[in-house]
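Remarks on the overall topology
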Amino acid sequence: MTTLDAELADEAVHLETSRTALAAMRERTEALTRSDATGDPFSSEMLARALARRMEQLLDDGTTPLFFGRLDFGPTGSPYAGETFHVGRRHVTDAAGDPLVVDWRAPVSTAFYQASALAPQGVRRRRRFGFAGGRLTSFEDEHLTSGEESGLGSRLLTEEIERPRVGPMRDIVATIQPDQDVLVRADLETSLCIQGAPGTGKTAVGLHRAAYLLYAYRERLSRTGVLVVGPNAAFLRYIAEVLPALGEVNVLQRTVAELVGRVPIKAVDTPEALAVKGDARMAAVLASSLTSALRAPSEPLVYPETGARLRLGPTELGEITTEARTAYTAGTPYSTARDRVAHRVAERFRRQVERRGGSPTDAWVSRVARSRTMRTWLDAVWPPADPAALVARLFSDQDLLARAADGILSPAEQDAIARPPGRPRWTEADAVLIDEAAALLERTPGFGHVIVDEAQDLTPMQARAIARRSPHGSLTVLGDLAQGTAVGGARDWATLLEHLAKPATVVTPLTTGYRMPSEIVEFANRLLPALAAGVGPARSVRHAPGALDVQAVRDPIAAAVAAARAAVAEPGSVAVICADAMVARIFRKLTAAGLTAVRADQPSDEPSEPPITVLPATLAKGLEFDTVVVVEPAAIVAAEPRGLNRLYVVLTRAVSRLIVLHTENLPHSLVPVDTMGDAQ
């Protein structure tokens, strides 16, 4: 046996020892769940939940390596001098409590991602491991103190980056690059805005940042929580397994529509209405509509008390309502200010009783504040409000809309959002406005950290909805202005960060891609001048001759079926992306040809074999596939106002091969290239 074989055998023993230790950790936790709980019921329930989460964190997926790296520190230059650590997805200890595997998020693991030959951080040797099906197969060493560093020249690192993708997104803990790691490990108080070109890993950075923060600030975030906001349900399904794979199961993942969902969505706005409803000025219109219902007291209020009639005149009542209105204007919720009016009036009545020799208790004050007499008077001067009813009345009452929007919206803009009276059919933009109205009435619960992906598509009103959920916490904002497709979406980060209430956030660009071949990146970059997004072109460290195939064809759907059939014979995931109107036809043609396909816009049972995903262009954002077949780019461009941006998104979904099939002329910037095939 060679020295290398012996070392590999030793590492395999360490892997099995670590797996045994992890199983023992889970057994100990399971034993705690079976023990008799002590204390009050609430404490017992909290303990049970904590143990259940711990059980999930200790699950051992036999197909995933427990560690992917190792650090050997030299005799000097580090607090860990002379020690060796295996780096993995979770912390594993032996029966004595000594670490067999250290969590990738632990301070000692930073050197695995950041150490270099120029700055070794005390690391003598960094080792990377190769695995197959959870079994250790190989390793590579870098001797940093000797000036030896393979970096992206590492065979194992390259293989892991280029490994075919089948199914949902996976974690990248084994391949995080130094520029990504700095962002992942930013402290909780720091809000980040990452302008990430396609393929630069911004989504992975955001999710791994969530995992890191939950590790480093577990006590704080266990109380306040972490929220991940994605652009659509398909995207959330795609990323759903990343955080659980990293041992974090207590993260809320929602679309904006789910976050603000108070009413059923049964209608779609016109582009004109959508532009107005998404505008930040609607916040002022809603606030004006709500305050227009307030009335100054004009009559005295008489409260019948045993043996007396308590009375407050309009002047004294007006002082109380004016004070409450000032508090409301300063940020006190409408309903809180209304309750304050009732209690202040009841306190004035208490003073009258006390002057007559009585001694009313606090309970008496509360009873007066909740009495029918008080409620009837309060409804006249400070009416109760329902957020959905407020928005419905605003849109259906032209006089109210004109008063509330006076000096804010033009007559044409008012006409765009007005609708006839009657039972409303709500749109997604309406739901955001209802959420804004609800926030005027009551405080919105917040989170300790919020991660927003594809943030460039947020309207100002959607951004305000997210800001309300992070009033005292921090944000990680991820996006790419060149991929902006939404009506009313962001055109620059500074404005969006103002709406997110984090204007001081520094924008950090990510321009280097590691998975997408440069041939595909450079092809998509040709669209950037026409997009006028003000972002620099992406670049890739990978070269893959033959990764791009642009074909002029007579029948693009038939050509797509042929291309998909050839693609499924190779390892990896396959998607056919087209204009939304073509999805049904392409799906029928694929299934008629005997191919297994699923539609990303419809729920379906998981097929027994990896399917071809038929993906509407409007749902492509944030997703990646090994092979992507793009059908008729001109139809994608023509389908919506920012169709050229949508095409840029679609062209940057492939991480191994991109096939573009067209009958109509390509957009002018996508001139024919050397790889273009002959017409079929």
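As the structure is a prediction and not an experimental result, all values here were calculated from the model.

So, the overall build of the protein chain
Summing up its helical and strand segments, the protein chain has 28 helices and 22 strands in all. In the protein chain, which comprises 680 residues, the share counted as buried stands at 53%. Sequence-distant contacts in the protein chain: of pairs separated by 6 or more residues, those separated by 24 or more amount to 73%. For the protein chain, the accessible area works out to roughly 30500 Å², and carbon and sulfur atoms hold 53% of it.

Looking at the confidence of the model for the protein chain
Per-residue pLDDT for the protein chain averages 89, and the proportion of residues at 70 or more is 90%. Below a pLDDT of 50 lies the segment residues 674–680, which in the model reaches 20 contacts outside its immediate sequence neighbourhood of four places, other chains included.

Details of the pairing of strand S21 (residues 625–631)
Burial runs high along S21: seven of the seven residues are buried. Pairing analysis gives six bridges linking S21 to strand S22 (residues 654–662), with the strands arranged parallel. Across the sheet, residue Val629 finds its bridge partner in S22, namely Ile659.

Some points on the pairing of strand S17 (residues 548–552)
Side-chain positions along a regular strand alternate between the two faces of the sheet. Buried residues dominate S17, accounting for four of its five residues. Here five bridges tie S17 to S22, and the two strands are oriented parallel to one another. Its bridge partner lying in S22, Val550 is registered against Val660.

Observations concerning the sheet that holds strand S20 (residues 612–616)
The sheet built from six strands is open, its strands ordered S17-S22-S21-S18-S20-S19 with parallel pairing. Both edges of this open sheet fall to S17 and strand S19 (597–599), since each of them pairs with a single strand only. Taking the axes of each pair of neighbouring strands and ignoring which way they run, one obtains an average angle of 20° across the sheet. Summarising the sheet, strand S18 (residues 574–578) and S20 pair through five bridges and their orientation is parallel. Looking at the pairing, Val576 lines up with Val614 of S20. Here helix H25 (residues 556–568) sits on the sheet in contact with S18, S20, S21 and S22, set at roughly 170° to S21.

Structural notes on the packing of aromatic side chains
On inspection of all chains with the given rule, the structure shows 11 aromatic pairs. On the numbers, 5.8 Å between centres and 85° between planes, the contact of Tyr80 with Phe85 is edge-to-face. Judged by its relative accessible area of 10%, Phe85 falls in the buried class. Here a set of aromatic residues connected by ring pairs shows up, and it is made of Phe67, Phe129 and Phe131.

A short note on helix H16 (residues 372–381)
Met374, Trp377, Leu378 and Val381 are the residues of H16 that are buried. The arc that holds every buried residue of H16, seen down its axis, measures 100°, which confines them to one face. What points out from H16, more than 90 degrees from its buried face, is the exposed set Arg372 and Thr376. Tucked inside the fold, the buried residues of H16 contact strand S10 (301–305), helix H13 (314–329), helix H14 (334–355) and helix H15 (362–369).

Examining the layout of surface pockets
Of the voids in this model, the largest pocket is the one considered here, and its volume is about 1300 Å³. In terms of lining residues, the largest pocket is bounded by 41 residues, among which Pro231, Leu274, Glu428, Gln462 and Ala486 are the most central. Residue assignment places the lining of the largest pocket across two domains, with domain 2 (175–294 + 383–511) and domain 4 (518–675) each supplying three or more.

As for the pattern of salt bridges
The tally for this structure, following the rule as stated, stands at 36 salt bridges. Among the salt bridges present, the one from Asp72 reaches Arg70, with a minimum N-O distance of 2.8 Å. For the pair shown, Asp72 and Arg70 are each scored as buried. Across the salt bridge formed by Glu323 and Arg344, the nearest N and O atoms sit 2.7 Å from each other. Residue Glu323 is found in helix H13, and its partner Arg344 is found in helix H14; the two are separated by 21 residues along the sequence. The exposure class of Arg344 is partly exposed, given its relative accessible area of 34%. Residues joined by salt bridges that share partners form a network here, namely Glu7, Glu11, Arg70, Asp72, Arg124, Arg125, Arg127 and Asp141.

Remarks on the sheet that holds strand S6 (residues 135–142)
On the basis of which strands lie adjacent, the open sheet formed by six strands has the order S3-S4-S2-S1-S5-S6 and mixed pairing. Here the strands that pair on one side only, and so sit at the sheet edges, are strand S3 (92–93) and S6.

A short note on unusual backbone geometry
The residue Ala501 is not glycine, and still its phi comes out positive at about 65°. Residue placement: Ala501 occurs in the loop between helix H22 (493–499) and strand S14 (506–510). Assessed through its relative accessible area of 46%, Ala501 is described here as partly exposed.

A closer look at the packing of helix H12 (residues 281–291) against helix H17 (residues 387–396)
Between H12 and H17, the least distance of the axes is 11 Å, while the angle of their chain directions is 95°. In this view, H12 runs roughly perpendicular relative to H17, as classed from their interaxial angle. Residues Met282, Val285, Leu286, Ser289 and Leu290 of H12 pack against Leu390, Val391, Leu394 and Phe395 of H17. For the contact of H12 with H17, the class distribution of residues is eight nonpolar, one polar and no charged.

Remarks on helix H20 (residues 428–441)
A rise of 1.5 Å per residue sets the reference length of H20, with its 14 residues, at 20 Å; its end C-alpha atoms lie 20 Å apart and thus fit the reference within 8%. Across the 14 residues that make up H20, a large majority, 13, are buried.

Some details on the side chain of Thr444
Within the element layout of this structure, Thr444 appears in the loop between H20 and strand S12 (449–452). Beyond its immediate stretch of four places on either side in the chain, Thr444 contacts Ala439, Arg468 and Arg469.

A closer look at the environment of Ala581
Its place among the elements puts Ala581 in the loop between S18 and helix H26 (583–592). The class for Ala581 is exposed, based on a relative accessible area of 73%. Along the chain, Ala581 and Ile636 lie 55 residues apart, while their C-alpha atoms are 9.3 Å from each other.

Considering the environment of Trp104
With respect to the helices, strands and loops of the structure, Trp104 is situated in the loop between strand S4 (99–103) and helix H3 (110–114). A C-alpha to C-alpha distance of 8.9 Å links Trp104 and Ala174, two positions 70 residues apart in sequence.

Overview of the environment of Leu401
The topology assignment puts Leu401 in helix H18 (residues 398–404). The exposure class assigned to Leu401 is buried, which follows from its relative accessible area of 2%. For the pair formed by Leu401 and Val285, sequence separation is 116 residues and the distance between their alpha carbons is 8.1 Å. Sequence-distant contacts of Leu401, defined by excluding residues within four places in its chain, comprise Leu394, Gln414, Ile417 and Ala418.

Reading guide: rules and limits
- Residues numbered from 1 in each chain as written.
- Predicted model: local features only at pLDDT ≥ 70, side-chain atom pairs only at ≥ 80, totals over all residues.
- Heavy atoms only, no water.
- Helix = DSSP H or I, 4+ residues; strand = E, 2+ residues; numbered from the N terminus.
- Buried < 20%, exposed > 50% of the residue type's maximum accessible area, 1.4 Å probe, protein only.
- Contact = heavy atoms within 4.5 Å.
- Areas by Shrake-Rupley, 256 points an atom, 1.4 Å probe, with all protein chains shown as cover.
- pLDDT = per-residue confidence, 0-100.
- Pairing = 2+ DSSP bridges.
- Axes fitted to C-alpha atoms, helices over the stretch in contact; angles between N-to-C directions.
- Phe/Tyr/Trp six-rings, centres within 6.5 Å; stacked < 30°, edge-to-face > 60°.
- Arc of directions from axis to C-beta.
- 1 Å grid on protein atoms, 1.4 Å probe; cavity = no way out; pocket = protein on both sides within 12 Å on 5 of 7 lines; lining within 4 Å.
- Points joined across faces, edges and corners; volume = space filled by probe spheres on them.
- Domains from an automatic or database assignment.
- Salt bridge = Lys/Arg side-chain N within 4 Å of Asp/Glu carboxyl O.
- Parallel < 35°, antiparallel > 145°, perpendicular 65-115°, else oblique.
- Nonpolar A, V, L, I, M, F, W, Y, C, P; charged D, E, K, R; others polar.
- Expected span 1.5 Å × (residues − 1).

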